[in-house]
Amino acid sequence: MKTCKSSHLDSGVEAETQCRSGAGCVVKCSSERMENAAKRRLAANARERRRMQGLNTAFDRLRKVVPQWGQDKKLSKYETLQMALSYIMALTRILAEAESYRCSDSCDDSWKLSKNEDTLLVPEPGLS
């Protein structure tokens, strides 16, 4: 026998009862389970909505700092990430070039770009 919370007793007091094969109790337990499932689904939907709102807010903030070259339309999420990556790489190259102009031969070259200029050589901790 299953135990379910039932409020269909004559006294009107909610109590735990043993489900008998009576249709009223089975329907009541089933409807309570469906109500609980619906509440959980609503809570999960609300959490997902908040998560997506946070993600969209982050993309909007990123769009404000990433340069848009001559585009009037809003960048998609994918385009925003591509532009952010390109922007970061361009800034990295600028910093590396500035560092190479500033440094002499005795300067630590560990922050300069590698030969293919796609990756930044970062010094390992403790080697500088």
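Structural data are supplied above this passage.
A short tour of the structure in this document, coming up. Computed from a prediction, not measured in an experiment: that's the story for all the values here. (Residues numbered from 1 in each chain as written. Predicted model: local features only at pLDDT ≥ 70, side-chain atom pairs only at ≥ 80, totals over all residues. Heavy atoms only, no water.)

### Remarks on the overall build of the chain
Within the chain one finds 2 helices and 2 strands. Its helices and strands in sequence order give the chain the pattern β-β-α-α, from N to C terminus. Long-range pairs, those at least 24 residues apart, make up 11% of the contacts in the chain between residues at least 6 apart in sequence. Of the roughly 10500 Å² that the chain leaves accessible, carbon and sulfur atoms contribute 56%. (Helix = DSSP H or I, 4+ residues; strand = E, 2+ residues; numbered from the N terminus. Contact = heavy atoms within 4.5 Å. Areas by Shrake-Rupley, 256 points an atom, 1.4 Å probe, with all protein chains shown as cover.)

### Here we look at the side chain of R63
Topologically, R63 is positioned in helix α1 (residues 23-65). Among the residues examined, R63 registers a relative accessible area of 14% and is labelled buried. At 2.8 Å, the side chain of R63 and the side chain of D60 are in polar contact. In this structure the side chain of R63 is engaged in a polar contact, spanning 2.7 Å, whose partner is the backbone oxygen of L75. Beyond its immediate chain neighbours, meaning those up to four positions away, R63 contacts K74, L75, S76, K77 and T80. (Buried < 20%, exposed > 50% of the residue type's maximum accessible area, 1.4 Å probe, protein only. Polar contact = N/O pair within 3.5 Å; in protein donor to acceptor, adjacent residues only side chain to side chain.)

### Section: a positive patch on the surface
On the surface, R41, R47, R49 and R50 cluster together into a positively charged patch. Here R47 lies in helix α1. (Patch = residues over 30% accessible without salt bridge, like charges linked within 9 Å, V, L, I, M, F, W, Y side chains within 5 Å. Salt bridge = Lys/Arg side-chain N within 4 Å of Asp/Glu carboxyl O. Lys, Arg positive; Asp, Glu negative; His and termini not counted. Charge placed at Lys NZ, Arg CZ, Asp CG, Glu CD.)

Shape is all these values report; function is a separate question.
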